[in-house]
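Topology and contacts: notes
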Amino acid sequence: MSLVRVHNFSVSLDGFGAGEGQTLEAPFGHADSRLMQWAFGTRTFREMGLPGPTPGSTGVDDAFARQWGPGIGAEIMGRNKFGPQRGPWEDEEWQGWWGDEPVFRTPVVVLTHHPRPTLEMAGGTTFHFVDADPVDALAQARALAGDGDIRIGGGVDTVRQFLAADLIDHLHIVLVPIVLGRGERLWDGLEGLEERFDIEATPSPSGVVHLVFTRRSAR
């Protein structure tokens with residue numbers, strides 16, 4: 001069976017994976033870009049379209065960042081990752097943060113209580129908007145993914161729900177040395193999570209620590 005994977009998911013020292021107050025102008029809320037600063041200078045993220053004066057670094061951070069894509073057949077994301085709107089769609093003009101050709105290049109299942117028509121984008125990305133719990137969403141993603149793995153792309157609540165449902169096989173967390181104080185916490189309600197996984201820690205010269213959680217036994 002395909003694996004369920006999380007990659008490049010950054011959290012602060014106090015456990016927040018997103019800041020408070022997400023808006024169109026502030027996709028990460030009050031955290032701004034601080035949670036993802038480690039990744040923005042890597043070659044992997046440069047190749048995904050982030051601007052910079054160099055082709056990007058190829059060190060430890062890039063070695064982890066580049067594992068994001070290979071083998072993935074579909075992604076599942078929460079509505080808050082897709083965009084800043086809440087509640088019923090005021091219109092369907094919003095097509096995500098990523099421009100006309102999103103970086104995913106696979107089917108993407110967007111979890112929302114307000115489904116809308118499927119959205120096909122250039123480059124192979126197709127957004128499917130569904131109202132489903134983690135088990136049903138995973139079944140739908142697997143049907144779309146062929147033989148590929150499923151990536152849980154976030155946001156915080158989506159990753160936490162899939163962890164609580166014991167559906168994740170590979171979890172890459174990047175511990176960023178900042179204290180946010182408020183926002184969305186990842187670990188709430190997940191006491192004893194470490195008992196399910198083998199955990200490896202790799203420090204980076206950038207100051208972050210890459211934590212890789214690998215499921216100890218098959219479901």
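None of the values given here were measured: they were computed from a predicted structure.

Within the fold, A201 resides in strand β10 (residues 197-203). For A201, a relative accessible area of 54% translates into the label exposed. Sequence-wise, A201 and I173 are 28 residues apart; in three dimensions their C-alpha atoms are separated by 9.6 Å. If we skip the residues at most four places from it in the chain, A201 touches V209, H210 and L211.

Here the focus is a negative patch on the surface. A surface patch of like charges, here negative, comprises E90, D91, E92 and E93. As for its position among the elements, E92 is in the loop between α4 (79-82) and β4 (107-111).

Now for the sheet that holds strand β6 (residues 126-130). In space, the nine strands of this open sheet follow the order β5-β6-β4-β3-β7-β1-β8-β11-β10, with mixed pairing throughout. Edge positions in the sheet fall to β5 (119-120) and β10, since each of these pairs with one other strand and no more. Inspection of the sheet shows β5 paired to β6 by two bridges, in the antiparallel sense. Residue pairing across strands places E120 opposite T126, the latter belonging to β6. In the packing of helix α5 (residues 134-145) onto the sheet, the strands contacted are β1 (4-12), β3 (72-78), β4, β6 and β7 (149-154), and the crossing angle to β3 comes to about 150°. Across the sheet, helix α6 (residues 156-164) touches β1, β3, β4, β7, β8 (170-176) and β10, and the angle it forms with β7 is around 135°.

Throughout the structure, instances matching the rule amount to 12 salt bridges. Linking D62 and R66 is a salt bridge whose minimum nitrogen-to-oxygen distance equals 2.8 Å. D62 sits in the buried class, given a relative accessible area of 2%. By relative accessible area, R66 is classed as partly exposed at 44%. R196 is the partner of D166 in a salt bridge, and the nearest nitrogen-oxygen pair spans 3.3 Å. One end of the pair, D166, is in the loop between α6 and β8; the other, R196, is in the loop between β9 (184-185) and β10, with 30 residues separating them in the sequence.

Right, let's talk about the nonpolar core for a bit. In terms of nonpolar packing, the biggest core is built from 30 residues, with I76 and F162 touching the most fellow members. Those elements that provide at least two residues to this core are β1, β3, β4, α5, β7, α6, β8 and β11 (209-215). Aside from chain neighbours lying at most four places away, what touches I76 is V109, L111, A137, L138, A141, I150, R151, I152, G153, G154 and F162. Counting residues in each nonpolar core, the second largest holds 13 residues, with L35, I178, L180 and V208 among its members.

Before going further, it helps to examine the packing of aromatic side chains. Pairs of aromatic rings are described using the distance from one ring centre to the other and the angle between the two planes. Evaluated as defined, the whole model comprises 15 aromatic pairs. Between W98 and F127, the aromatic rings sit 6.0 Å apart at their centres with planes inclined by 20°, giving stacked as the arrangement. On the criterion of sequence distance, the pair formed by W98 in the loop between α4 and β4 and F127 in strand β6 is long-range, its members being 29 residues apart. A centroid spacing of 6.2 Å and a plane angle of 80° characterise the contact between F104 and F127, whose relative ring orientation is edge-to-face. Of this pair, F104 sits in the loop between α4 and β4 while F127 sits in strand β6, and the two are 23 residues apart along the sequence. When sorted by exposure, F104 lands in the same class as F127, which is buried. Cluster of aromatic residues (ring-pair linked, three or more members): W68, F82, W89, W98, F104, F127 and F129. Directly above the aromatic system of W89 lies the positively charged group of R79, at a separation of 3.7 Å from the ring centroid.

Let's shift gears to the pairing of β4. Burial analysis of β4 places five of its five residues in the buried class, the great majority of the element. Every second residue of β4 is oriented toward a common face, with P107, V109 and L111 on one face and V108 and V110 on the other, all of them buried. As judged from the four bridges shared by β3 and β4, these two strands associate in the parallel manner. Among the inter-strand pairings, G78 is bridged to a residue of β4, identified as L111. In the sheet, β4 pairs with β6 via five bridges, with the strands oriented parallel. Across the sheet, residue V110 finds its bridge partner in β6, namely F129.

Cut-offs applied
- Sequence positions are assigned chain by chain, starting from 1 and proceeding in written order.
- Only residues with pLDDT of 70 or above have their local features reported here, since the model is predicted, and side-chain atom pairs are shown and tallied only from 80 upward, although totals for entire chains, interfaces and linings are computed over all residues.
- With hydrogens and water set aside, each side-chain value is computed from the structure's full complement of heavy atoms.
- The helix and strand labels rest on DSSP assignments: H or I over at least four residues marks a helix, E over at least two residues marks a strand, and numbering proceeds from the N terminus.
- Three exposure classes are used, based on accessible area relative to the maximum for each residue type with a 1.4 Å probe and protein chains only: buried under 20%, partly exposed in between, and exposed over 50%.
- Whether two residues are in contact is decided by their heavy atoms, any of which lying within 4.5 Å being enough.
- Within this analysis, patches are made of residues with over 30% relative accessible area and no salt bridge. Like charges are joined at 9 Å or less; nonpolar side chains (Val, Leu, Ile, Met, Phe, Trp, Tyr) at 5 Å or less.
- The Shrake-Rupley method, run with a 1.4 Å probe, gives the accessible areas here. Residue values count only the displayed protein chains as cover.
- For salt bridges, the criterion is a side-chain nitrogen of Lys or Arg within 4 Å of an Asp or Glu carboxyl oxygen.
- His is not counted, nor are the chain ends, whereas Lys and Arg count as positive and Asp and Glu as negative.
- Here the site of a charge means NZ on Lys, CZ on Arg, CG on Asp, or CD on Glu.
- Any two strands with at least two DSSP bridges between them are considered paired.
- Only the stretch in contact is used when a helix axis is fitted, and all axes are lines through C-alpha atoms; the angle between N-to-C directions ranges over 0 to 180 degrees.
- We call a set of buried Ala, Val, Leu, Ile, Met, Phe, Trp, Tyr and Cys residues a nonpolar core when their side-chain atoms join them within 4.5 Å.
- Only Phe, Tyr and Trp rings are paired, with Trp represented by its six-membered ring, and only when their centres lie within 6.5 Å; those with planes under 30 degrees apart are stacked, over 60 edge-to-face, the remainder tilted.
- Charge over a ring is defined by NZ of Lys or CZ of Arg lying within 6 Å of the ring centre and within 35 degrees of the ring normal.

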